[in-house]
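Notes for the structure review
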Amino acid sequence: MRIGELAAAVGVTTRTVRHYHHQGLLPEPERLGNGYRDYTLRHAVVLARIRRLTELGLGLAEVRDVLADDTKKELREILAELDEDLARQEAALRERRQRLRDLLDAAELPAEGPVSPELAALFSAMAPLSDSPMAAKDREVLALIETAANPAERERLLGAVSSALGSPEAVGAANEAYALLDDLADATPDDPRVAEAARTLAALIPPGLLPSTDIDEDHSFLRAFYADFAPAQAEAIRRALRILMGDT
């Protein structure tokens, strides 16, 4: 058989056959006098088995183990490992679908979504602040924290923010701080309003948001964080953190 005939007989492409040759899964056939490969029934049998194994989800390295004469793993063991891996994938898929259903069932999706139901509830509590550009930045940072932080750190930080906004009075105080910071959008860092905004913000930030060690203002992430704000806003935030760390 020619390569095209072999591929058609087994239901694969000629490119697949050549790839299996390259991977050492399918032995190269002898060549005829005219240089064409001469495939036998044995090649078709092996190629068909490779197709069956890959359709089960085995990777080519695992297929090679199955086909090797000196394999250290029995086919049953390899299939059992594959079954366990598929079970993990199914569990992950169910979890993802549940998250999607939770998002679709929500009355309103936040602009920063998708986020967890817990963070969506926190954003809902911040709704009276939704028109504030600084509040919008805060929501973006909270979404970033939820994505990047490890589970324990994420729970600690989001819990601290939730506690800080747990009453109408707290929301009103946050609204005042955001308004002060919004007003600094076109100001310079030496604007006298920076000090007031820093004090107001310091009174609002929950202690649970602060790190247990000194803040390294030269840290690349913190530099990027400050750079995302107008100069006067960044200075107010910087001063607020210094107040909270006792570095006045």
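Residues numbered from 1 in each chain as written. Predicted model: local features only at pLDDT ≥ 70, side-chain atom pairs only at ≥ 80, totals over all residues. Heavy atoms only, no water.

**Structural notes on the overall build of the protein**
The secondary structure content of the protein amounts to twelve helices and zero strands. When the helices and strands of the protein are placed in sequence order, the string is α-α-α-α-α-α-α-α-α-α-α-α. For the protein, the C-alpha radius of gyration of 31 Å lies well beyond 18 Å, the compact-globule estimate for 248 residues. For the protein, the spread of C-alpha atoms along the three principal axes comes to 90 × 35 × 35 Å. The burial tally for the protein puts 32% of its 248 residues in the buried class. Of the contacts made within the protein by residues no fewer than 6 positions apart, 57% connect residues no fewer than 24 positions apart. Counting only carbon and sulfur atoms, one obtains 52% of the accessible surface of the protein, whose full area is about 15700 Å². Placing the 29 positive and 43 negative side-chain charges of the protein at their respective mean positions leaves the two points 11 Å apart. (Helix = DSSP H or I, 4+ residues; strand = E, 2+ residues; numbered from the N terminus. Rg over C-alpha atoms; globule rule 2.2 N^0.38 Å. Buried < 20%, exposed > 50% of the residue type's maximum accessible area, 1.4 Å probe, protein only. Contact = heavy atoms within 4.5 Å. Areas by Shrake-Rupley, 256 points an atom, 1.4 Å probe, with all protein chains shown as cover. Lys, Arg positive; Asp, Glu negative; His and termini not counted. Charge placed at Lys NZ, Arg CZ, Asp CG, Glu CD.)

**Comments concerning the pattern of salt bridges**
Under the counting rule described, the total for this entry stands at eight salt bridges. Asp85 is the salt-bridge partner of Arg88, the closest N and O atoms lying 3.6 Å from each other. In this pair, Arg88 and Asp85 are both assigned in helix α5 (residues 75–105), three residues apart and thus about one turn of the helix distant. (Salt bridge = Lys/Arg side-chain N within 4 Å of Asp/Glu carboxyl O.)

**Observations regarding the packing of helix α3 (residues 41–56) against helix α4 (residues 60–67)**
Running from N to C, α3 and α4 cross one another at 130°; their axes reach a closest spacing of 10 Å. In terms of their interaxial angle, α3 and α4 are classed as oblique. As for how α3 packs across α4, the hand of that crossing is right-handed. Seen from α3, the contacting residues are Arg49, Ile50, Leu53 and Thr54; seen from α4, they are Leu60, Val63, Val66 and Leu67. Taken together, the residues that form the contact of α3 with α4 break down as six nonpolar, one polar and one charged. (Axes fitted to C-alpha atoms, helices over the stretch in contact; angles between N-to-C directions. Parallel < 35°, antiparallel > 145°, perpendicular 65-115°, else oblique. Left-handed = near helix turned anticlockwise from the far one by under 90°. Nonpolar A, V, L, I, M, F, W, Y, C, P; charged D, E, K, R; others polar.)

**Points about the side chain of Asp182**
For Asp182, the location among the structural elements is in helix α9 (residues 168–182). One buried charge, Asp182, has no salt-bridge partner; the nearest side chain with opposite charge is Lys137, at 9.1 Å. Sequence-distant contacts of Asp182, that is, excluding residues within four places in its chain, are made with Ser132, Pro133, Met134 and Gln233.

**Looking at the packing of aromatic side chains**
The description of an aromatic ring pair rests on the distance of the ring centres and on the angle between the ring planes. Summed over the entire model, instances satisfying the criterion amount to two aromatic pairs. In this structure an aromatic cluster arises from ring pairing among Phe225, Tyr226 and Phe229. For Lys137, the ring lying beneath its charged end belongs to Phe229, and the centroid distance is 5.2 Å. The lysine or arginine in question, Arg238, covers the ring of Tyr226, its NZ or CZ lying 4.2 Å from the ring centre. (Phe/Tyr/Trp six-rings, centres within 6.5 Å; stacked < 30°, edge-to-face > 60°. Lys NZ or Arg CZ within 6 Å of the ring centre and 35° of its normal.)

**A look at the nonpolar core**
Residues Leu119, Leu122, Met126, Leu142, Leu181, Leu184 and Ile237 are the most contacted members of the largest nonpolar core, which totals 36 residues. Taken together, the elements giving at least two residues each to this core come down to α6 (117–125), α7 (133–148), α8 (151–164), α9, α10 (193–204), α11 (220–227) and α12 (231–244). Not counting the four nearest positions on each side in its chain, Leu184 is found in contact with Asp191, Arg193, Val194, Ala197, Ala230, Ala232, Gln233 and Ala236. Judged by nonpolar contacts, the second largest core, of 19 residues, contains Val10, Val17, Ala44 and Leu53. (Core = buried A, V, L, I, M, F, W, Y, C linked by side-chain atoms within 4.5 Å.)

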